Amino acid sequence: MAAPAALQRSVVSPAGRHTASLIFLHGSGDTGQGARTWIKQILNQDMAFQHIKVIYPTAPARPYTPMKGAFSTVWFDRYKISNDSPEHIESIDSMCQGLTDLINDEIKNGIAKNRILIGGFSMGGGMAMHLAYRFHQDLAGVFALSSFLNKDSAVYQALKRNQSVLPELFQCHGTADELVLYSWGEETNKMLKSLGVSASLHTFPNLNHELSRTEIEKLKTWIVKKLPVEAAKTNE
């Protein structure tokens, strides 16, 4: 099979020396540029760092079953938007390959794997959990905002067989979310914890299926904790 085309991406460069990278995966139907603009509107500025490059890739358009097969920029297909349906594993695994190429691009740029974070909003957070916990357990961490995993997720199956140290999970969810229910996020958090993931869940009362300023500020604090500024090497 031909290698998938490289994903389009919108990039916020670090202000100083690039020593870490962050990959932010948008929600279904959005784009990398759209997610970047949304966060910029909430913060009144880009989510930017001194030393961390922020990458917002765009999912390729594909038929999306919950939209009656209409084309949409989604990371994978779903049989339905519910936590008790089976996963569309073929499309998930195919996208894991495309995103692995993105991770490898950063490694080729001299960024160590444990200096790369991945996460996203809604479907983007679900995609990030598949990518990290099934294929890239040596990443610095994972974040999932208003996201969930299906009840019999391949992520849970993989972690049942796992022996290695896992990336920490930073999860946020609004209690008023009507698309991805808070209980789905909470159940995902409990399952991952039971399988050895160090996971936090930050609850936002009255927040629907959206991002808030407080949430992004909390996320930024966690990002810098996981990817601190590195002292410049003196032997270069």
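Now for a description of the structure that goes with this document. (Residues numbered from 1 in each chain as written. Predicted model: local features only at pLDDT ≥ 70, side-chain atom pairs only at ≥ 80, totals over all residues. Heavy atoms only, no water.)

## Overview of the pattern of salt bridges
Line of reasoning, step 1. Per the stated rule, a full pass over the model turns up 10 salt bridges.
Line of reasoning, step 2. A salt bridge links R36 to D46; the shortest N-O distance between them is 2.9 Å. Separated by 10 residues along the polypeptide, R36 in helix α1 (residues 32–43) and D46 in the loop between α1 and β3 (52–57) bring together distant segments of the chain. In this structure, R36 and D46 share a single accessibility class: buried.
Line of reasoning, step 3. With a shortest N-O distance of 2.9 Å, E168 and K226 are connected by a salt bridge. Remark: K226 occurs in helix α6 (residues 213–226) and E168 occurs in strand β8 (residues 168–174); sequence separation between them is 58 residues.
Line of reasoning, step 4. With relative accessibility at 18%, the residue E168 sits in the buried group. (Salt bridge = Lys/Arg side-chain N within 4 Å of Asp/Glu carboxyl O. Helix = DSSP H or I, 4+ residues; strand = E, 2+ residues; numbered from the N terminus. Buried < 20%, exposed > 50% of the residue type's maximum accessible area, 1.4 Å probe, protein only.)

## Quick notes on the side chain of D177
Line of reasoning, step 1. Along the polypeptide, D177 turns up in the loop between β8 and α5 (182–194).
Line of reasoning, step 2. The side chain of D177 is buried and forms no salt bridge, while R78, the nearest opposite charge, is found at 11 Å.
Line of reasoning, step 3. At 2.7 Å, the side chain of D177 forms a polar contact with the side chain of H209.
Line of reasoning, step 4. What D177 contacts, discounting residues up to four positions off in sequence, is S146, Y182, L207, N208 and H209. (Lys, Arg positive; Asp, Glu negative; His and termini not counted. Polar contact = N/O pair within 3.5 Å; in protein donor to acceptor, adjacent residues only side chain to side chain. Contact = heavy atoms within 4.5 Å.)

## A closer look at the packing of aromatic side chains
Line of reasoning, step 1. If you walk through the whole model with that rule in mind, you get 5 aromatic pairs.
Line of reasoning, step 2. Aromatic side chains F24 and Y56 sit 5.5 Å apart centroid to centroid with 50 degrees between the ring planes, which places their arrangement in the tilted category. Of this pair, F24 sits in strand β2 (residues 20–25) while Y56 sits in strand β3, placing them 32 residues apart in sequence. Each of the two residues, F24 as well as Y56, counts as buried.
Line of reasoning, step 3. With centroids separated by 4.9 Å and ring planes inclined at 55 degrees, the aromatic side chains of F148 and W184 adopt a geometry described as tilted. Highlighted residues: F148 in the loop between β7 (141–145) and α4 (154–160) and W184 in helix α5, separated in sequence by 36 residues.
Line of reasoning, step 4. A network of ring pairs unites the aromatic residues F24, Y56 and F143 as a single cluster.
Line of reasoning, step 5. For the cation-ring pair, K220 lies above F49, with the distance from its terminal atom to the ring centre recorded as 5.6 Å. (Phe/Tyr/Trp six-rings, centres within 6.5 Å; stacked < 30°, edge-to-face > 60°. Lys NZ or Arg CZ within 6 Å of the ring centre and 35° of its normal.)

## Things to note about the nonpolar core
Line of reasoning, step 1. W75, L99, M127, Y133, L169 and L192 are the most contacted members of the largest nonpolar core, which totals 38 residues.
Line of reasoning, step 2. Sorting the residues of this core by element identifies β2, α2 (89–108), β6 (116–121), α3 (123–135), β7 and α4 as the ones contributing at least two each.
Line of reasoning, step 3. In this structure M127 touches L25, W75, F76, I92, M95, C96 and L99, once residues within four positions along its chain are discounted. (Core = buried A, V, L, I, M, F, W, Y, C linked by side-chain atoms within 4.5 Å.)

## A short note on the environment of A48
Line of reasoning, step 1. Position of A48 relative to the elements: it lies in the loop between α1 and β3.
Line of reasoning, step 2. Here A48 falls in the partly exposed class, since its relative accessible area comes to 37%.
Line of reasoning, step 3. For A48 and K220, which are 172 residues apart along the polypeptide, the C-alpha to C-alpha distance reads 9.1 Å.
Line of reasoning, step 4. Once residues lying within four places of it in the same chain are set aside, the contact partners of A48 are V12 and K220.

## Quick notes on the environment of E87
Line of reasoning, step 1. Relative to the helices and strands, E87 is located in the loop between β5 (70–73) and α2.
Line of reasoning, step 2. Considering only alpha carbons, one finds E87 and S153, 66 residues apart in sequence, at a separation of 6.7 Å.
Line of reasoning, step 3. Beyond its immediate sequence surroundings of up to four residues, E87 is in contact with Y79, I92, H130, N150, S153 and A154.
Line of reasoning, step 4. Reaching out from E87, the side chain makes a polar contact with the side chain of H130 at a distance of 2.9 Å.

## Section: α6
Line of reasoning, step 1. In this model, α6 (14 residues) spans 20 Å end to end at C-alpha, consistent with the 20 Å of a helix rising 1.5 Å per residue.
Line of reasoning, step 2. Of all the positions in α6, only E215, I216, L219, K220, W222 and I223 are classed as buried. Looking straight down α6, one finds that the buried residues subtend no more than 165 degrees of arc, so they occupy a single side. Away from its buried face by more than 90 degrees, α6 exposes T214, T221 and K225. (Expected span 1.5 Å × (residues − 1). Arc of directions from axis to C-beta.)

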